Amino acid sequence: MDLTHLRYLQAIAQSGTLTRAAQKVHISQPALSVAIRNLEERFKTTLLLRDRHGVTLTTSGQEMLRCADEIFGLIERTEQRIRGLEAEETGDFIIGCHESLGAYFLPRFMHAFLQQAPRIEISLWNGTSMEVRQAVVDRQIHFGLVVNPLPHPDLVMVELFKDAVDIFIAPSRAPATEDLAAAGEILRKGPLIHAGRVTQCQDLIARLAAESMLPLRMLSCGDLELVKSLTLEGLGVGLLPRRVAAYGHPGELRRLHPSLPFIPDTIQLLYRTDMHRTRAALTLKKALVDHGKSLGEA
């Protein structure tokens, strides 16, 4: 069905005559009559009653007019909605990241952003950095905060800030001096608490083993938050990203010694190269980048 014919029916109802309606929609009266006949034939009904005073709508004509008003009202609302998505700060987005990264990155970011852009809705998605990267590729999430991601042709990668997986200890177990030998003795006593599935922890353990500094007792955990809790309790020496060690407990965990090995990290923002660049998407991207770059060095 040609929606233009419904526009003609609206014009006839508003004008009261075919002549005035034809003038209103800028076509000839015969062409207008043909369009209405086409509608009547399509629906096998009579839409107009003609007399010397003009035209009136039949019951079918009035029902079609009501439907036409609903159709064009929906089209107008759709146009307004799409224009709003393109030009206004409104939309729904999913941000993905590892829970430990999100624990120190997201609270201040979310607090500021939700006030800055109240019409932008954000949901959070948690997984490993590898899972977050793949979720961005698969369009499951819009933005990913990822540690040391591998390049991908479909992804834009923006470096935000640096971190490092290092060796931490509770102050109660810290050596009395900054002597490297004393720190090495504490490390060898262990236990060495680490998240076994985190690649950087595996790499740091390999470096410690190569330097004959690996303790006999190892304690592998499922995630970094448990490593942090056990290290805070003084159970042993923990392998943690510096920012994870610091958030929520400033000064309560210390690097065992600055000369001991550590594994550098780079945290990047990922999004698809073909991301729909609405105003809201660009606003959120800029806010994530600005907040990330404000964190500086760990």
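Our subject is the structure listed above.
What you see as residue numbers is a count from 1 along each chain, following the sequence as written. Where totals are concerned, whole chains, interfaces and linings use all residues; where local detail is concerned, this predicted model gives features only for residues with pLDDT of at least 70, and gives and counts side-chain atom pairs only at 80 or more. Note that water and hydrogens are dropped before the side-chain values are worked out from all heavy atoms of the structure.

1. Points about the overall build of the protein
Secondary structure summary: the protein contains 11 helices and 11 strands in total. This radius of gyration counts C-alpha atoms alone. The globule rule is 2.2 Å times how many residues there are, raised to the power 0.38. Relative to the compact-globule value of 19 Å for 298 residues, the protein shows a C-alpha radius of gyration of 33 Å, a clear excess of over 25%. With the principal axes as the frame, the protein shows a C-alpha extent of 110 × 30 × 30 Å. Remark: exposure states derive from per-residue accessible area (1.4 Å probe, protein chains only) relative to the maximum for the residue type, with buried under 20%, exposed over 50%, and partly exposed in between. The buried share of the protein, taken over its 298 residues, is 46%. Two residues qualify as a contact provided that any one of their heavy atoms is within 4.5 Å of a heavy atom in the partner residue. Sequence-distant contacts in the protein: of pairs separated by 6 or more residues, those separated by 24 or more amount to 73%. Of the accessible surface of the protein, which amounts to about 15700 Å², a share of 53% is contributed by carbon and sulfur atoms. Averaged over its 34 positive side-chain charges, the protein has a centre that lies 4 Å from the centre of its 34 negative ones. Each helix is a run of DSSP H or I of at least 4 residues and each strand a run of E of at least 2, with the numbering of both proceeding from the N terminus. What sets the accessible areas is the Shrake-Rupley method with a 1.4 Å probe; for residues, cover comes only from the shown protein chains. Asp and Glu are treated as the negative residues and Lys and Arg as the positive ones, with His and the ends of the chain left uncounted. Here the site of a charge means atom NZ of a Lys, CZ of an Arg, CG of an Asp or CD of a Glu.

2. Topic: the environment of His194
Note on placement: His194 falls in strand S7 (residues 192-195). Overall, the relative accessible area of 8% leaves His194 in the buried class. For the pair His194 and Leu204, spaced 10 residues apart in sequence, the C-alpha separation works out to 10.0 Å. What His194 contacts, discounting residues up to four positions off in sequence, is Cys201, Ile205, Met218, Leu219, Ser220, Cys221, Val227 and Leu239.

3. Focus on unusual backbone geometry
Of the consecutive residues Gly190 and Pro191, the connecting peptide bond is found in the cis state with omega at -5°. A positive phi angle, close to 65°, is found at Arg139, a residue other than glycine. For Arg139, the location among the structural elements is in the loop between helix H6 (129-137) and strand S5 (143-147). The phi dihedral of Ser212 falls on the positive side, at around 55°, and the residue is not glycine. Looking at where Ser212 falls in the secondary structure, it is placed in the loop between helix H8 (199-210) and strand S8 (218-221). We classify Ser212 as exposed; its relative accessible area is 56%.

4. Topic: the nonpolar core
Soluble globular proteins tend to bury their nonpolar side chains together. Core analysis: the biggest nonpolar cluster contains 58 residues, and Phe105, Phe109, Leu145, Ile167, Leu256 and Leu284 have the highest contact counts within it. Beyond its immediate chain neighbours, meaning those up to four positions away, Phe109 contacts Ile95, Ile122, Leu284, Ala287, Leu288 and His291. Counting residues in hydrophobic clusters, the runner-up holds 20 residues, among them Tyr8, Ala35, Ile36 and Met64. We call a set of buried residues a nonpolar core when its members are Ala, Val, Leu, Ile, Met, Phe, Trp, Tyr or Cys and they connect through side-chain atoms within 4.5 Å of each other.

5. A word on helix H5 (residues 99-116)
What a helix is expected to span follows from its residue count: subtract one and scale by 1.5 Å. Helix length check: H5, at 18 residues, gives a terminal C-alpha distance of 24 Å against a target of 26 Å (1.5 Å per residue), a fit within 8%. Considering bend angle alone, the principal kink of H5 is centred on Leu106 and spans about 45°; proline Pro107 follows within four residues of it. The bend at a residue is defined as the angle formed between two axes, one fitted to the seven residues ending at that residue and one fitted to the seven starting there.

6. A closer look at the layout of surface pockets
By volume, the largest pocket is sized at about 590 Å³. Cavities and pockets are found on a 1 Å grid laid over the protein atoms alone: a cavity is a set of points where a 1.4 Å probe fits but cannot escape, a pocket is an open set with protein on both sides within 12 Å along at least five of seven lines, and a lining residue has an atom within 4 Å of such a point. Lining the largest pocket are 25 residues, with Ser129, Met130, Val147, Thr199 and Gln200 positioned closest to its centre. Those elements that place two or more of their residues in the lining of the largest pocket are H5, H6, S5, strand S6 (155-169), H8 and strand S11 (263-272). Taken together, 18 residues form the lining of the second largest pocket, with Phe93, His142, Met275, His276 and Ala281 sitting closest to its centre. Among the secondary structure elements, those contributing two or more residues to the lining of the second largest pocket are strand S3 (91-97) and helix H11 (279-294). The element that contributes the greatest number of residues to the lining of the second largest pocket is S3, accounting for three residues. Grid points are joined across faces, edges and corners, and a volume is the space filled by probe spheres set on the points.

7. Regarding a nonpolar patch on the surface
Note that patches include only residues with greater than 30% relative accessible area and no salt bridge, and the join distances are 9 Å for like charges and 5 Å for nonpolar side chains (Val, Leu, Ile, Met, Phe, Trp, Tyr). By salt bridge we mean one thing: a side-chain nitrogen of Lys or Arg within 4 Å of a carboxyl oxygen of Asp or Glu. Together, Met1, Leu3, Phe43 and Ile71 give the surface a local cluster of nonpolar side chains, amounting to about 330 Å² of exposed area. Among the residues examined, Leu3 registers a relative accessible area of 36% and is labelled partly exposed.

8. A short note on helix H2 (residues 18-25)
Every buried residue of H2 is listed here: Leu18, Ala21 and Ala22. Seen along its axis, H2 keeps its buried residues to an arc of 100°; they face one direction. In this fold, the buried residues of H2 make contact with helix H1 (3-15), helix H3 (29-43), strand S1 (48-51) and strand S2 (54-57). The positive-phi residue at the C-terminal boundary of H2 is His26, with phi of around 65°. The arc in question is the one traced by the directions running from the helix axis out to the C-beta atoms.

Everything listed here is a matter of geometry and, on its own, says nothing about what the molecule does.
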